[in-house]
Structure formats: structure tokens, C-alpha cells
Amino acid sequence: MRKFFILSCGIWIVGLISAVSAGVWTDDFDGNKLSEGWEFRDHNAKQTKYEVKDGFLRITNPGNWGHTTADKPMIERDVPKSAAENITVSGIFSSDPDKPADAWIGIFIYSDDDLNYACLLFGGESNQPQKALIGSMIKANWNDHGHPQTGFDVPVHLKLVKEKDVFSGYFRKSEKDDWTLAGNKKWNHKFDVEQVGIGFMNNWGGKTVTFLIDQLSIEGEGIKPFAVDPKSKLATTWGTLKAAQ
């Protein structure tokens, strides 16, 4: 009986340690510059601009390029090896214009290959309601897993989840809403995560689009909380922000 008790306690302690080892890192984009660890890259034309202002990271791209380019306008950061198998990336996003037609923008989870990744995006085609886009680029071949209409405009909450080799994506209007599965189903894509990115998959319409990131969170084993707590950031709505411009 004593051996069983000790064994049970040992299992419980190991389970507790395992349960608490996962952490959440959140960037609210306060201040006027990117926090340490973020890196910016542009696509070939080198025309993208970014700034941290009014509690948002803003990435502005003039467009007229497609999804097959390996170089995409985005900021990205490395992920510890401990989180390479299971990771959740979520955020709150807006755009200018409100319906970024002929462009897809959002969350990327990368392998060590720029043309091998999974992504969850929003945007859409001209004269159409806003949509989400979910899928993977596998060895430079696009694997589409759906473009569901969100049913609302910005802001939009997105969440991309990797559980071993299974990916899934979700969207919602606000914290009060339940998450909606983006696309038809979960899908398999085998790779170890190297980086997380937020930016453009493409902007083929030739129009300037500004991607606004209000908040970005990364959750996984070995992820450490943000080094400095946000300084009482106010919940600035996109409508209020536009009205002040």
C-alpha cells in the first residue's frame, strides 16, 4: 500500500511539473519599437514599412505580388525546441482597409524552410465579404483547407494550433464569443516549429494594405512570459483609432 502511495505521489508530481511547464508569452505592442526577439523581413521589392504606434504593430505593404514567393513581409521570432511539437499562436488583428481585398494576412508557423509552413489568415477577394484562410505550404505546394466567411469585419481574433503533427485554426469576433473552426477540418503536416510569424502571405491586388496587430500570444512548453509587463494598456478599439486619425 505504501509503495502504491509513493508511486501515485510520484506520478502526480511528475504530472504537475509537466502541466505547469507550458507558458504563455504575450506582446501587446506597447511603446514605439519592437520588443527584443522580433525580426522583420520584407519581400523582394523591399517596399514594406512597419512601426509600433498607439498600441499596435502596423505593417504596410503596397502590394502586387503573389503567394509563391519565399520572402514575405512579416515580423517573426524563434521558438524554443521544447515548443516545436505542440504550440498555440493567437492574436487580435485589424486592417486598413477594413476588408483587405486581394490580400491575405495573419499568423504563420514555420519550419526551417520558408516554403514549408502552416498559416491562418484573413482578407479575401475583391467585392466579397471578409473571409478566413487556413492551410499549409508543403515543399512549395499550397495545401488549401478552406476559406470560410467570418460573418464580420475587423477586428478579428485568430488562433492557430499545432498538436504534434495535427494543425487546426479558429476565429472569433471577440473574447465573449466561442471559437469557430476555420475550414473543413484539422489536417496533418509533419514538421518541427522553428519560428512564428505575423504578416502577409500575399497582396496581389496592387493596393496598399496595412496590417494592424493589437496583440500576439505564443503558448507552449518552455515558453517564458513576457519579460516586462504591459504598462496598463488601454483596450483601444479599431473604430476609436480610426476616428482619431
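Computed from a prediction, not measured in an experiment: that's the story for all the values here.

What counts as what
- Position numbers for residues start from 1 in each chain and track the written sequence from start to end.
- Confidence filtering applies because this is a predicted model: local features only for residues at pLDDT of at least 70, side-chain atom pairs given and counted only at 80 or more, and all residues used for totals across whole chains, interfaces and linings.
- With hydrogens and water stripped out, all remaining heavy atoms of the structure feed into the side-chain values.
- For this analysis, a nonpolar core means a set of buried residues of the types Ala, Val, Leu, Ile, Met, Phe, Trp, Tyr and Cys, connected via side-chain atoms within 4.5 Å.
- Whether a residue is buried, partly exposed or exposed follows from its accessible area with a 1.4 Å probe, protein chains only, as a fraction of its type maximum: under 20%, in between, or over 50%, in that order.
- Helix numbers and strand numbers start at the N terminus; a helix is a DSSP run of H or I with at least 4 residues, a strand a run of E with at least 2.
- The contact rule is simple, with two residues in contact once any of their heavy atoms fall within 4.5 Å.
- Strand pairing follows a simple DSSP-based rule, namely that at least 2 bridges must link the two strands.
- A pair is scored as a salt bridge if a Lys or Arg side-chain nitrogen falls within 4 Å of a carboxyl oxygen belonging to Asp or Glu.
- Axis definition: a line fitted to C-alpha atoms, limited for helices to the stretch in contact. Angles are taken between N-to-C directions and run from 0 to 180 degrees.
- Think of pLDDT as the predictor's per-residue confidence, scored from 0 to 100.
- Pairing of aromatic side chains here covers Phe, Tyr and the six-membered ring of Trp, requires ring centres within 6.5 Å, and sorts the geometry by plane angle: under 30 degrees stacked, over 60 edge-to-face, intermediate tilted.
- Criterion for a charge above a ring: Arg CZ or Lys NZ at most 6 Å from the ring centre, at most 35 degrees from the ring normal.

Counting 43 residues, the largest nonpolar core has Phe29, Phe93 and Ile198 as its most contacted members. Looking at this core element by element, the count peaks at five residues for strand β16 (residues 209-221). Ignoring any residue separated from it by four or fewer positions in sequence, one finds Ile198 in contact with Phe29, Trp38, Leu57, Ile59, Met74, Ile75, Phe93, Gly106, Ile107, Phe211, Ile213 and Leu216. By size, the runner-up hydrophobic cluster in this structure holds eleven residues, among which are Phe108, Leu115, Tyr117 and Cys119.

Bridge count for strand β3 (residues 49-53) against strand β4 (residues 56-61) is five bridges, and the pairing is antiparallel. What sits directly across from Lys49, in β4, is Thr60. Two successive antiparallel strands, β3 and β4, enclose a turn made up of two residues, where Asp54 displays a positive phi of approximately 55°.

So, on to the pattern of salt bridges. Side chains that carry opposite charge are capable of pairing whenever their charged atoms lie near each other. Counting across every chain of the model gives six salt bridges. Between Lys131 and Glu125 there is a salt bridge, with the nearest N and O atoms lying 3.4 Å from each other. On the accessibility criterion, Glu125 (27% relative accessible area) is partly exposed. Across the pair Glu163 and Lys186 runs a salt bridge, and its minimum N-O distance is 4.0 Å. Residue Glu163 is located in strand β11 (residues 156-163), and its partner Lys186 is located in the loop between β13 (180-181) and β14 (187-188); the two are separated by 23 residues in the primary sequence. The class for Glu163 is partly exposed, based on a relative accessible area of 42%. Exposure remark for Lys186: the relative accessible area of 43% places this residue in the partly exposed category. Here the salt bridges share partners, and the residues they tie into one network are Arg41, Glu76 and Asp114.

The sheet built from seven strands is open, its strands ordered β2-β5-β15-β7-β8-β9-β10 with antiparallel pairing. The open sheet is flanked by β2 (39-41) and β10 (141-144), the only strands paired with a single partner. Each strand of the sheet is rotated relative to its neighbour by a mean of 30°, with strand direction disregarded. Pairing geometry for strand β5 (residues 74-78) and strand β15 (residues 195-203), over five bridges, is antiparallel. Looking across to β15, one finds that Ile75 is bridged to Ile198.

As a general rule, the predicted coordinates of low-pLDDT regions are not to be interpreted in detail. Of the residues in the protein chain, 84% have a pLDDT of 70 or more, and the chain-wide mean is 86. Ranking the elements of the protein chain by mean pLDDT puts helix α2 (residues 238-243) last, at 42, and β11 first, at 98. This model gives residues 230-245 a pLDDT under 50, and the stretch forms 23 contacts once residues within four places in sequence are excluded.

This paragraph deals with the packing of aromatic side chains. Under the definition given, this model contains twelve aromatic pairs. Here the aromatic rings of Phe152 and Phe171 are separated by 6.4 Å at their centres, their planes lie at 55°, and the arrangement is tilted. Of the two residues, Phe152 sits in the loop between β10 and β11 while Phe171 sits in strand β12 (residues 166-172), which places them 19 residues apart along the sequence. Note on accessibility: Phe152 and Phe171 belong to one class, buried. Between the aromatic rings of Phe167 and Trp187, the centroid separation amounts to 5.7 Å while the plane-to-plane angle is 25°, which identifies the pairing as stacked. Highlighted residues: Phe167 in strand β12 and Trp187 in strand β14, separated in sequence by 20 residues. Across this residue pair, the class does not change: Phe167 and Trp187 are buried. Three or more aromatic residues joined by ring pairs form one cluster here, namely Phe93, Phe122, Phe200 and Phe211. Seen from the ring of Trp38, Arg77 lies directly overhead, with NZ or CZ sitting 5.0 Å from the centre.

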